[in-house]
Amino acid sequence: MSKRSSATKITWIGLLLNLLLGCVKVAGGWILQSKALLADGAHSLLDLLTDVAVLVGLSLASKPEDANHLYGHHKFASFAKFCVGGMLLLFSLGLVVTALFDYRSGGGRGPQAGEAVVLALISLVLKEALFWWTRGVARRLKSDLLMANAWHHRMDSISSLGVAAALVGVWLGGESWAFLDGVVTLVLGCYLIFESTKIFLRACSDLLDAAPEREIIEDLREHILPTPGAVAYHDFRVRRVGDLYEVDLHLQVDPEITVEAGHAIARAVKRRLLEKHPEVSKVLVHVEPANREHIMNRGLSGLDGSEHKSTQVWEI
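Here we summarise the structure given alongside this text. In this text the structure is predicted, and so the values were computed from the model without any measurement.

So, the overall build of the chain
(1) Moving on: Looking only at helices and strands, the chain features eight helices and four strands.
(2) Moving on: Its helices and strands taken in sequence order, the chain reads α-α-α-α-α-α-α-β-β-α-β-β from the N to the C terminus.
(3) Moving on: Per-residue burial over the chain gives 46% buried out of 316 residues.
(4) Moving on: Taking all contacts inside the chain whose residues are at least 6 apart in sequence as the whole, residues at least 24 apart take part in 70%.
(5) Moving on: Carbon and sulfur atoms make up 65% of the accessible area of the chain, which totals about 15,900 Å².

Right, dumping it as structure tokens:
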């Protein structure tokens, strides 16, 4: 199964599960007169928006280059992640604000039926299982977009946990224990704000072509100089485009060889990067002669013992 097929499959499963749980919890909250369960069902239905955003992002990002998008459509995945992260952050803030408001107003809930607790716990188990499943697929495919959607599933399971805790407290101890809803939601909501903020800021960095983590850059760089014929390189740049990376660099080769030979070395460097790192979509190599003018102190050189040996300086 292709990467896109796996990502689309798990997202469709999440969408259908959100639709089923949302309808069941809304109906159950209405029948059992549980406002908490009713609100949790509405939350599950809102999760459909992020599933749709992910599906649209995956579909558009896989489109080939065209006359209006000469660099492809991979940025649609970053934009979809931006939307998902933004919705996650808003929902998390809403959980915290609601919990604070309920606590200050002393808003307790009337006695609730035990069946409402069962529905909340079923939702908790299913959405937590979907979180771990989606997170596993996201890690295997190295997809930040799927990872963002996984955390949205986790937020729904945490919401169900808060509702279940409050309902159990009211069911067993009466209105004096209704404060559990606010306490659990407040603590877990703050945790979700932290996670959703990371997703949102990372999406912003991708859209602004910020460099990825230093470990990723170093892992990519190590395949250049071991290539036969590669003397030095500089101006090595990496940017994230959706769930993929684009690389460009200036490669220095022996100035005495032919243009064809230099091109062959550049092609070998490109092939090594693409073979070792399937997450790299494009590699652009600019070939230069390895002479005094082009061996620069902002790159790396394999000329051990030479006066031209350059130092490592990050220019990303």
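Concerning the nonpolar core
(1) Moving on: Ranked by internal contacts, the top residues of the largest apolar core, which has 23 residues, are Leu 88 and Leu 146.
(2) Moving on: Among the secondary structure elements, those contributing two or more residues to this core are α1 (3-32), α3 (75-105), α4 (114-141) and α5 (144-173).
(3) Moving on: In contact with Leu 146, not counting residues within four places along its chain, are Ala 7, Ile 10, Thr 11, Val 54, Thr 134, Val 137, Ala 138 and Leu 141.
(4) Moving on: Counting residues in each nonpolar core, the second largest holds 19 residues, with Ile 217, Leu 220, Ala 230 and Val 283 among its members.

What about the pairing of strand β3 (residues 280-289)?
(1) Moving on: Two elements, strand β2 (residues 244-253) and β3, share nine bridges in a ladder whose sense is parallel. Considered in β3, the bridge of Asp 248 is made with Leu 284.
(2) Moving on: As a crossover connection, the stretch from β2 through helix α8 (residues 259-276) into β3 is right-handed.

Some thoughts on unusual backbone geometry
(1) Moving on: Of note, the phi angle at Asp 235 is positive, near 50°, even though the residue is not glycine.
(2) Moving on: Inspection of the secondary structure puts Asp 235 in strand β1 (residues 232-241).

Section: the environment of Gly 85
(1) Moving on: Mapped onto the elements of the fold, Gly 85 is located in helix α3.
(2) Moving on: Distance from Gly 85 to Leu 201, taken between C-alpha atoms, is 8.2 Å for residues 116 residues apart in sequence.
(3) Moving on: In contact with Gly 85, not counting residues within four places along its chain, are Ser 196, Ile 199 and Phe 200.

Regarding the environment of Ile 217
(1) Moving on: Examined against the element boundaries, Ile 217 turns out to sit in helix α7 (residues 214-221).
(2) Moving on: On the accessibility criterion, Ile 217 (2% relative accessible area) is buried.
(3) Moving on: Separated by 21 residues in sequence, Ile 217 and Val 238 place their C-alpha atoms 7.0 Å apart.

With respect to the layout of surface pockets
(1) Moving on: In this structure, the largest pocket encloses a volume near 540 Å³.
(2) Moving on: Ser 143, Asp 144, Met 147, Arg 202 and Arg 240 are the residues nearest the centre of the largest pocket, which is lined by 23 residues in total.
(3) Moving on: For the lining of the largest pocket, the secondary structure elements donating two or more residues are α4, α5, α6 (179-207) and α7.
(4) Moving on: Here the lining of the largest pocket is composed, by residue class, of eight nonpolar, two polar and 13 charged.

Conventions we followed
Residues numbered from 1 in each chain as written. Predicted model: local features only at pLDDT ≥ 70, side-chain atom pairs only at ≥ 80, totals over all residues. Heavy atoms only, no water. Helix = DSSP H or I, 4+ residues; strand = E, 2+ residues; numbered from the N terminus. Buried < 20%, exposed > 50% of the residue type's maximum accessible area, 1.4 Å probe, protein only. Contact = heavy atoms within 4.5 Å. Areas by Shrake-Rupley, 256 points an atom, 1.4 Å probe, with all protein chains shown as cover. Core = buried A, V, L, I, M, F, W, Y, C linked by side-chain atoms within 4.5 Å. Pairing = 2+ DSSP bridges. Right-handed = clockwise from strand over helix to strand, strands pointing away. 1 Å grid on protein atoms, 1.4 Å probe; cavity = no way out; pocket = protein on both sides within 12 Å on 5 of 7 lines; lining within 4 Å. Points joined across faces, edges and corners; volume = space filled by probe spheres on them. Nonpolar A, V, L, I, M, F, W, Y, C, P; charged D, E, K, R; others polar.

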